[in-house]
Each structure stands twice: as structure tokens, then as C-alpha cells.
Amino acid sequence: MNTIIIEDEKPSARRLKRLVEELGAEVTTMLHSVKESIEWFSKNTHPDLIFLDIQLSDGLSFEIFDEIDIKSAIIFTTAYDEYALKAFKLNSIDYLLKPIDDEELAAAVEKYKHNHRQAENIKVDFEDIKKYLSNPVDRVYKQRFTAKVGQHLKVFHVDEIECFYSENKGTYLYTVDNRNYLIDTTLEQLEPELPPHTFFRVSRKFIVNVNAIKDMVSYTNSRLQIKLNHFSEHEIIVSRERVKDFKEWLEK
């Protein structure tokens, strides 16, 4: 797997290179700016995979592809708000939030290996991505969700939902009246549809409603345990790499 890294922070680029090579990929080139990248792409064969930082020292990395017809799969590496990023997650794209977590990096590379498509089938709408990143507050978020109960369809307003969680390959919403309902979606699909000031993805398994948080307790390995007003079926732990963002989100 031929890989390049486009990252303007050289220490971050070196760390990512080390992590990627530990996973058995070959990092052949590291680029640090829009200008340098355009020049490189115009003279070299495109790699299989690009690790791409969005904000470079001389502009957004999308500007590279205003000039170059991209022939590679992309994994974004970025400090941008994860809700904006979830909004444009595509089949041929994954993303990693900084600071990059080793396990999430490994999962992203595995996803690429299993879902690799021929270059001509990779279609990335960078204009649409820029729109979401530039104007995330302009997005209209879902206010109601449905769940099938027997032959009936129930409707739930977001204010009625304490959390969403995944279990045994299913996704559930849990309501303020102590009921859970199976819904036909995934947490990945749900996340960009939820109001970002109300809901936060605290881990791979849980999205919580800020208005349902009853208590927060320090947990092992610099993590946090969240206790909701009613939900008690499982422990809800804020993963270590998301604690900082979670604390900042609480203060918004």
C-alpha cells in the first residue's frame, strides 16, 4: 500500500508516519503545504492512500484538488469539529480527529483495505465538504425520530431522548420514560443529523443528550463516567481521546 501524508505540522507528520508504518503501510512522501502538494501531484504517480490534513499553512487542502484530478483514497486527519466531519463521511473516505488515536488509525486503515475501490470509482465532492465546514451552524438538524413497535410506528422528539447507543449490531434510542427502541440506522449515520449543541458522541457506542446528564465521575485512564437521569443499562464512559472535546462541548 503506497501512502503519502499531507500535514503542515512536521512533528505530527512524523508521528503519523511512524504509526502508519507500524501498520505495515509504506509512507513514501510527506508534504506540508498546498503549493508543495500541487507541485508533487503534477509530477508523480498518485498513491493508493492519502492521509490529508484539512487546514494547511497556506490554505485548505481542498485547494489541491481544484488543480489536481485526485486518483487516491483519502483519510482526513483534522482538528475540525467532528459533527461537521460526520456530515460528509463518504464510502471512500474516513477521518481521524487529532490527537490521532492508535486504535482509530488502525481501524481506518483496515476499513480502507476492506473497502478499497478502483481509483475511477472514487468520487469526492470537495465543494460540498467545504460548504459543511464553512457553515455548520446553517445546517438543519432532525428534531424527530421514528421506531417501529410491532405493527405501529412511534415518533420521538429529540427532547424525549436521553441517549442513542449500539448493542449487538443494533442501534437504540432510550427515552426519558425508561424505554428503549430499536431504530433502523447506525450511530455514524445518526451523528450528523443530531443538533450538535445537544448531543455528543462520547464513545463508539454512545451518543448522549446534555440535558439528560445527571452526574460525571472521574474514571480510570483519564476518562469520565457519565450518569444519565434514567438510563442505567450500561456504563457510559467518555473515551480518553474525546474527554477534552467533551469538556469543551459542555461549556458551549
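Since we're looking at a predicted model, the values are computed, not measured. (Residues numbered from 1 in each chain as written. Predicted model: local features only at pLDDT ≥ 70, side-chain atom pairs only at ≥ 80, totals over all residues. Heavy atoms only, no water.)

Undergrad: I would appreciate a short explanation of the confidence of the model for the chain in the present structure.
TA: Detail in the predicted coordinates should be disregarded across regions flagged by low pLDDT. The predicted model of the chain has a mean per-residue pLDDT of 84, with 85% of residues at 70 or higher. Strand β14 (residues 206–209) holds the highest mean pLDDT among the elements of the chain, 96, whereas helix α4 (residues 82–86) holds the lowest, 51. (pLDDT = per-residue confidence, 0-100. Helix = DSSP H or I, 4+ residues; strand = E, 2+ residues; numbered from the N terminus.)

Undergrad: Looking at this model, I keep getting lost on the side chain of T29. Mind explaining?
TA: Within the secondary structure, T29 is located in strand β2 (residues 26–31). The exposure class assigned to T29 is buried, which follows from its relative accessible area of 16%. (Buried < 20%, exposed > 50% of the residue type's maximum accessible area, 1.4 Å probe, protein only.)

Undergrad: Looking at this structure, I do not really get helix α1 (residues 10–22). What am I missing?
TA: Residues spaced three or four apart along an α-helix point in a common direction, a consequence of the helix completing one turn every 3.6 residues. With 13 residues, α1 extends 18 Å from end C-alpha to end C-alpha; this agrees with the ideal 18 Å at 1.5 Å per step. Taken together, the buried positions of α1 are A13, L16, L19 and V20. In an axial view of α1, the angular spread of the buried residues amounts to 130°, which keeps them on one side of the axis. Seen from the open side of α1, the exposed residues pointing more than 90 degrees away from its buried face are P11 and E22. (Expected span 1.5 Å × (residues − 1). Arc of directions from axis to C-beta.)

Undergrad: Help me out: how do you make sense of the environment of M216 in this one?
TA: Along the chain, M216 turns up in strand β15 (residues 213–219). Taking the relative accessible area as the measure of exposure, M216 reaches 37% and is therefore partly exposed. Residues M216 and V238, 22 residues apart in the sequence, show an inter-C-alpha distance of 9.8 Å. The residues touching M216, leaving out its near neighbours within four places in the chain, are Q225, I226, F246 and L250. (Contact = heavy atoms within 4.5 Å.)

Undergrad: Would you mind showing me how to read a negative patch on the surface here?
TA: Residues D58, E63, D66 and E67 make up a contiguous surface patch of negative charge. When you line up the elements, D66 lands in helix α3 (residues 64–67). Accessibility expressed as a relative area gives 47% for D66, which makes it partly exposed. (Patch = residues over 30% accessible without salt bridge, like charges linked within 9 Å, V, L, I, M, F, W, Y side chains within 5 Å. Areas by Shrake-Rupley, 256 points an atom, 1.4 Å probe, with all protein chains shown as cover. Salt bridge = Lys/Arg side-chain N within 4 Å of Asp/Glu carboxyl O. Lys, Arg positive; Asp, Glu negative; His and termini not counted. Charge placed at Lys NZ, Arg CZ, Asp CG, Glu CD.)

Undergrad: So what exactly am I meant to see when it comes to the pattern of salt bridges here?
TA: Between side chains of opposite charge, a pair can form as their charged atoms come close. Under the criterion given, the structure shown has 9 salt bridges. Between E21 and K17 there is a salt bridge whose closest N-O contact spans 3.0 Å. Placement of the pair is E21 and K17 together in helix α1, with a separation of 4 residues, close to one helical turn. A relative accessible area of 35% means that E21 is categorised as partly exposed. The network of salt bridges with shared partners includes E188, E191 and R201.

Undergrad: How do you make sense of the sheet that holds β15 when you look at a structure like this?
TA: As a general point, the strands of a sheet are linked pairwise by backbone hydrogen bonds and lie either parallel or antiparallel. Across the sheet, which stays open at both edges, the 3 strands sit in the order β15-β16-β17 with antiparallel pairing between neighbours. Every other strand in the sheet has two partners, leaving β15 and β17 (236–238) as the edge strands with one partner each. Within this sheet the neighbouring strands show an average axis-to-axis angle of 30°, counted without direction. Sheet topology note: the β15/strand β16 (residues 223–228) ladder contains 6 bridges and is antiparallel. The partner of I213 across the bridge, within β16, is L228. Along the sheet, helix α8 (residues 243–250) makes contact with β15, β16 and β17, crossing β16 at roughly 45°. (Pairing = 2+ DSSP bridges. Axes fitted to C-alpha atoms, helices over the stretch in contact; angles between N-to-C directions.)

Undergrad: Where do I start with the sheet that holds strand β12 (residues 180–183) in this structure?
TA: Taken in spatial order, the 5 strands make up an open sheet running β12-β11-β10-β14-β13, and their pairing is antiparallel. Since the sheet does not close on itself, it has two edges, and those belong to β12 and β13 (199–201), each with one partner. Across this sheet, the average inter-strand angle for adjacent strands is 20°, counted without regard to direction. Bridging between strand β11 (residues 170–175) and β12 involves 4 bridges; their strand directions are antiparallel. Looking across to β12, one finds that Y174 is bridged to N180.

Undergrad: Would you mind showing me how to read the packing of aromatic side chains here?
TA: How two aromatic rings sit relative to each other is given by the distance of their centres and the angle of their planes. Within this structure, the stated rule accounts for 13 aromatic pairs. Taking 5.4 Å as the distance between ring centres and 20° as the angle between the ring planes, the aromatic pair formed by Y165 and Y172 counts as stacked. Note on Y165: relative accessible area 1%, which makes it buried. A residue is classified by how much of its surface remains accessible, and Y172, at 21% relative accessible area, is partly exposed. A ring pair is formed by F200 and W249, whose centres lie 5.1 Å apart and whose planes are at 35°; its orientation type is tilted. (Phe/Tyr/Trp six-rings, centres within 6.5 Å; stacked < 30°, edge-to-face > 60°.)

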